[in-house]
Amino acid sequence: MANISIIALLCFIICVSSLLNYAYGAAEENMQYMVVGHVYCDTCRVEFETKLSEPLGGVVVKLECRNRTNEVITFQSPEIVANNHGDYHIIVEGDYEESDCDVALVRSPRVDCSDPTEAWRKTRVVLTTLDGLSGKLRFANNLGFKKDVALPQCTRILQEMGYYELSQEAGDFTLSSKL
Ligand SMILES: *[C@@H]1O[C@H](CO)[C@@H](O)[C@H](O)[C@H]1NC(C)=O
């Protein structure tokens, strides 16, 4: 009698744990991520953010994942518009362990700030829990468009940051010609 109930109990435990495994596996399949990020106008044309950078509302961005091995698109978000603060969020369904996922700038609403920065025209986001990152919220690096002409205040700000002399020494064309 005692043996039978122990066996029944064992069966029950095995049953429940395999159900849980199933549910856990299914949860991973149905994983939903929220990618959040920010877009700014690089008013000094230096390809990094300064005190003078401005949030760029109305910018359109897009997230795309491609299979790392054969480059086939595995996920594509609709075009997403950043709010007045230059912030956006993108919902992604599924786990993309085998893909490289990037948020990319599509276009800017500001004619005077629509020159994509080389370094920040797109940024990689990790959309899997299988590499140790947990949680559904994923942060993308800030993306930026460059203003057509640098603001006059940039010289002072960059000097304060210690960049002006440095870049002049290096003969940086963008900095020395635009300022
Ligand atoms: C990615 O491509 C490889 C090679 O073609 C394939 O074996 C794999 O199943 C693909 N993965 C996904 C998630 O599509």
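Residues numbered from 1 in each chain as written. Predicted model: local features only at pLDDT ≥ 70, side-chain atom pairs only at ≥ 80, totals over all residues. Heavy atoms only, no water.

Per an unreviewed UniProt entry, the recorded name for the protein chain is Anther-specific protein LAT52, and the organism is Gossypium hirsutum.

Moving on, we come to the pattern of salt bridges. In this structure the tally under the stated criterion is 14 salt bridges. The salt bridge partner of D102 is R124, with a shortest N-O separation of 2.9 Å. Of the two residues, D102 sits in strand β7 (residues 99–107) while R124 sits in strand β9 (residues 122–125), which places them 22 residues apart along the sequence. Owing to a relative accessible area of 12%, D102 belongs among the buried residues under this scheme. Overlapping salt bridges bring together R68, D100, D102 and R124 as one network. (Salt bridge = Lys/Arg side-chain N within 4 Å of Asp/Glu carboxyl O. Helix = DSSP H or I, 4+ residues; strand = E, 2+ residues; numbered from the N terminus. Buried < 20%, exposed > 50% of the residue type's maximum accessible area, 1.4 Å probe, protein only.)

Time to look at the site of the ligand. If you check the shell around the ligand, you find N67, T69, N70 and E98 and nothing else. The separation between an oxygen atom of the ligand and a polar side-chain atom of N70 is 3.0 Å. Within the side chain of E98, one N or O atom sits 2.7 Å away from a nitrogen atom of the ligand. Burial of the ligand by the protein amounts to 42% of the accessible area it has alone, namely 360 Å². Class assignment for the residues of the shell around the ligand results in no nonpolar, 3 polar and 1 charged. (Near = heavy atom within 4 Å. Polar contact = N/O pair within 3.5 Å; in protein donor to acceptor, adjacent residues only side chain to side chain. Areas by Shrake-Rupley, 256 points an atom, 1.4 Å probe, with all protein chains shown as cover. Nonpolar A, V, L, I, M, F, W, Y, C, P; charged D, E, K, R; others polar.)

Next up on the list: the side chain of R45. By secondary structure assignment, the location of R45 is in the loop between β1 (32–42) and β2 (54–55). Judged by its relative accessible area of 12%, R45 falls in the buried class. At a separation of 2.8 Å, a polar atom in the side chain of R45 contacts the main-chain carbonyl oxygen of K147.

Okay, the state of the cysteines next. For the coordinates displayed, the defined rule picks out 3 disulfides. One disulfide bridge connects C44 with C154, the sulfur atoms lying 2.1 Å from each other. Because the sign of the S-S torsion sets the handedness, a value of about -90 degrees for the bond joining C44 and C154 places this disulfide among the left-handed ones. Remark: C154 occurs in helix α2 (residues 154–160) and C44 occurs in the loop between β1 and β2; sequence separation between them is 110 residues. The exposure classification of C44 matches that of C154, with both residues buried. Across the disulfide from C65 sits C101; the S-S distance is 2.1 Å. Between C65 and C101, the S-S dihedral sits near 110 degrees, and the bridge is therefore right-handed. (Disulfide = S-S within 2.5 Å.)

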